[in-house]
Amino acid sequence: MPLDSKIPSGPIAEKWSKHKRDSKLINPKNKRKYSVIVVGSGLAGSAAAASLSELGYKVKCFCFQDSPRRAHSIAAQGGINAAKNYQNDGDSVYRLFYDTVKGGDFRAREGNVHRLAEVSVNIIDQCVAQGVPFAREYGGALANRSFGGAQVSRTFYARGQTGQQLLLGAYSALNKEIANGGVKMYSRCEMVELVVVNGHAKGIITRDLVTGKIEAHAADCVLLCTGGYGNVFYLSTNAKGCNVTATWRAHKKGAFFANPCYTQIHPTCIPVSGDYQSKLTLMSESLRNDGRVWAPKKKGDNRHPSQIPDEERDYYLERKYPSFGNLAPRDISSRAAKEACDDGRGVGPGGRGVYLDFAEAIKNFGQKTIAERYGNLFDMYERITGENAYQQPMRIYPAVHYTMGGLWVDYNLMSNLPGLHVLGEANFSDHGANRLGASALMQGLADGYFVIPTTIANYLVGEKPGSITTEYPEFKKALEDVNARTSRLLGIKGKRSVDSFHRELGLLVWDKCGMARSREGLTEALGRIPALREEFWNNVTIPGSGEAFNQELEKAGRVADFLEFAELLCLDAREREESCGGHFRVEHQYEDGEAKRDDANFTYAAAWEYTGNFAKPALHKEELKFDEVHLAVRSYK
Amino acid sequence: MSLLNLTLKVWRQSSANAAGRFQDIEARDIPDHASFLEMMDIVNERLISKGEEPIAFDHDCREGICGMCSMVINGRPHGPEKTTTTCQLHMRKFKSGDTIYVEPFRAKSFPVIKDLAVDRSSFDEIQRAGGFVTVRTGSAIDANALPIGKEIADAAMDAAECIGCGACVAACPNASAMLFVSAKAGQLNSLPQGQPEKTRRTLGMVREMDAQGFGNCSNHYECEAACPKDISVDWISKLNRDYLCSAVVEKEAVAGGGGD
Ligand SMILES: Cc1cc2nc3c(=O)[nH]c(=O)nc-3n(C[C@H](O)[C@H](O)[C@H](O)COP(=O)(O)OP(=O)(O)OC[C@H]3O[C@@H](n4cnc5c(N)ncnc54)[C@H](O)[C@@H]3O)c2cc1C
Ligand code: FES
């Protein structure tokens, strides 16, 4: 099937305006007749649900947490990019577009990225109007900081809690619409199946996590805003509940999954401390504005960091990437940390760590200023490690953080499955093979506030509102399938806990499909995943019943999906015989260890179709064209 | 790293209407670097391997920001460490041999769902009664067209740090939600964007708080001590002032109502 990205023709800077002009309109009276299901209440979901309701659509919104305000977006720390050029440092829409395409290692869609850069400026306006308390200067204007992969200062922030403040803003907009009846909110309610009628996505099946009630919901279209799949690695910086279930269920109903192997490893996280570890904690990239990353020059140097003199320290990012230094992009910084540790120069338990040092910044600006900038992060670091980072450098190590891959969507954010729209981290389109810091918040809000309200009508206008109801046999069938799956899970009554499977899967994919991947390792993983899946379905144990609050059952459903998805992840990684962004294949590198792309053969998005056989999905290629930013070796030197 | 042996006394309650009780659980060999929730994970794994139901508790981010984790630990919401959520509390704060009581947040407006998990949807209802600025997507002016002094922005941010966990309610002898409501209303009421709806917001949120069955504030200030984000009780006085003014404004509007 040919993949039509529906990128409008014409010059890059005019595509979005043209598309808005050409998009279909539905008159206000008719909008009220259309119903929309929004799964997810993070930045993408809350923004979309609120904005669509303002337009008049009838919206149902779902999240698995106890309140929409707790979606994982809440945890974003560092900031959100926007091409405001308030600093007068030469920023522009074009530059943000350029940085993002380059940052993505030329594997994103130019058209989408330019639109993202264009609407970034509206996002900041919208958020400020809602009362989001961004950091400000004494004169009352908004403040900015720098983030990786850029040489301008375009990141807006609210202390170390930018995601929280943006989400609370979107949540307040959602509340306003819930209060006036435009949105019906379902919290603690998980989507467990997508319902497709006549080839169109027309509803979902949900499980009420408190009562266990399985229910069908029909609508004129469905939006998945369900976040990323980083927890396939078990340990990640994501919240515990983050999962692939919604997108994976949709994939199995026909939606293509694109570029699953593009996963982001964040360079600055607190290292693993033991096998009881349940998650990893990010130390915001913003710290690299003032912190200097180093490892000892000598192998196995286990002196206290204060005992290692400056000339025996390797400030390797500054050495290797002098023009970006400590602000080199994430994929590059992560691999450099791994290299130092593989070289035997790592610090801390197991030698899996490097230092992030603030001594110089504290000397230059004083502890008070550093505390003002990052106090909450230093406190968090101390709570977790018991160490004081004002007195000794932080120990950091890369960890899984974000997933660039996701369901394939066109310029309208619609998947190949008509009616199914995918927003935020759940889709694949804007970040290519590597996402720059502070760009996920931007994308989630761009999709939700500004893109989908325009593009959704292009689909809906061709649909008769309310024509599909839960009385359709497809809904009955989906309900039966879900009930059968639940009974099957509860009936296994084996010997191993859900978490034990999740941990084992996580270790395997981290080992074989993490920061460095090889054909051999991936092949090994592809042999072991089906076996583990098989064991899960024969030996997992889930206490309790399906008709009540049962957290083991919730986890089991998610882990069952990860066990299927992991195979596609490794397959995609093996198929892509090149290194790009977060996808590093050891067979494809330059002599100095930098990632080696193969533009002649791999300048495409890999969109996978489910065929009923996990080992043999069908590959569809969307060729990527670079008309504006010319394909070049990405250099941050 | 050292290992701790602990005795837990955990509240078990199978559903909202069931009677609850404390269960004694020996938690042996707990690494002191583990977080409190990781300790609970270890305990749950052991319960599951014995074929018993694990202890239900809410959590998600495990970074102290989503507000999902709760629990009263040794009588204190979120446990003994100041400005620290349960998920950020680490076992090195305990000693081997300790007995630890673990209970749900207790308040009429937070009914227990199971074991340590409670229903806090009453907080959402309060927010829906006015905790927003009515501004349509796309209708905003340029962000820098409205300068806001750093002090005002910083103060609004202090209030905005509230994670909506409900520890303030659990700590209050009257189960009052005043600290939460005052932080939420206070953020918007102190910003220029929040002025047009200040009266409506203040009255709406306070009345909804009462309707949700939260108790009255009688200035115990246990809430501030329990707040993991250090929200100041000064916001309560500010809300009280805003409420009085709003009530007067409303009365005058009613008295003068109808116009010409
Ligand atoms: C620690 C951390 C820090 C970060 N910092 C930054 C930063 O500084 N800047 C930046 O730009 N980005 C940052 N990111 C990335 C960014 O936060 C996320 O990519 C972004 O917030 C994702 O938003 P979203 O709306 O797509 O999904 P989420 O916020 O993850 O929301 C997903 C929603 O879907 C719901 N959901 C999921 N599955 C189901 C289901 N099956 N049924 C029902 N509901 C479901 C959830 O309940 C939730 O409401 C950070 C990420 C992490 C982990
Ligand atoms: S789990 Fe999110 S605040 Fe504790």
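Residues numbered from 1 in each chain as written. Chains lettered and ligands numbered in written order. Predicted model: local features only at pLDDT ≥ 70, side-chain atom pairs only at ≥ 80, totals over all residues. Heavy atoms only, no water.

With that settled, the discussion passes to the sheet that holds strand 13 (residues 313–314) of chain A. Residues and elements named next belong to chain A. The strand order across the open sheet formed by five strands is 11-15-14-12-13, and the pairing between neighbours is antiparallel. The open sheet terminates on both sides in strands that have one partner only, identified here as strand 11 (263–269) and strand 13. Relative to strand 14 (residues 354–357), strand 12 (residues 292–296) is paired through three bridges, and the arrangement is antiparallel. Each residue of the ladder has a partner; that of Val293, found in strand 14, is Leu356. (Pairing = 2+ DSSP bridges. Helix = DSSP H or I, 4+ residues; strand = E, 2+ residues; numbered from the N terminus.)

With that settled, the discussion passes to the confidence of the model for chain B. On average, chain B scores 96 in pLDDT, and the residues at 70 or more come to 98%. In the predicted complex, the global pTM is 0.97; the interface-specific ipTM is 0.97. (pLDDT = per-residue confidence, 0-100.)

Attention now goes to unusual backbone geometry. In terms of backbone geometry, most residues other than glycine have negative phi values and most peptide bonds are trans. All names here are of chain A. Backbone geometry at Tyr234 places phi at a positive 60°, although glycine is not the residue there. As for its position among the elements, Tyr234 is in the loop between strand 9 (221–224) and helix 7 (245–252). Phi is positive for Leu413, which is not a glycine, with a value near 65°. The class of Leu413 is buried, set by a relative accessible area of 1%. (Buried < 20%, exposed > 50% of the residue type's maximum accessible area, 1.4 Å probe, protein only.)

Let us look at the pairing of strand 18 (residues 604–609) of chain A. Residues and elements named next belong to chain A. A large share of strand 18 lies buried, amounting to five of its six residues. Relative to strand 18, strand 10 (residues 257–258) runs antiparallel, the two being bridged by two bridges. Looking at the pairing, Ala258 lines up with Ala607 of strand 18. Two strands pair when backbone bridges link them, and strand 18 and strand 19 (residues 618–623) are joined in this way by six bridges, in the antiparallel orientation. Paired with Trp608 across the two strands is Leu619, which belongs to strand 19.

Surveying the vicinity of ligand 1 reveals 39 residues, the closest of which are Ser41, Gln65, Ser73, Met191 and Glu425 of chain A. More than one chain reaches ligand 1: the nearby residues come from chains A and B. Interatomic distance of 3.3 Å between a backbone N/O atom of Gln77 of chain A and a nitrogen atom of ligand 1. Ala440 of chain A is positioned such that a nitrogen or oxygen atom in its backbone is 2.9 Å from an oxygen atom of ligand 1. Calculation on ligand 1 without its partners gives an accessible area of 1000 Å², and the protein chains cover 98% of this total. When residues of the shell around ligand 1 are traced back to their parent elements, those giving at least two are helix 3 (43–55), strand 6 (189–197), strand 15 (394–403) and helix 12 (440–460) of chain A. By residue number, the principal contributor to the shell around ligand 1 is strand 6 of chain A, which donates three residues. The residue makeup of the shell around ligand 1, split by class, is 18 nonpolar, 17 polar and four charged. (Near = heavy atom within 4 Å. Polar contact = N/O pair within 3.5 Å; in protein donor to acceptor, adjacent residues only side chain to side chain. Areas by Shrake-Rupley, 256 points an atom, 1.4 Å probe, with all protein chains shown as cover. Nonpolar A, V, L, I, M, F, W, Y, C, P; charged D, E, K, R; others polar.)

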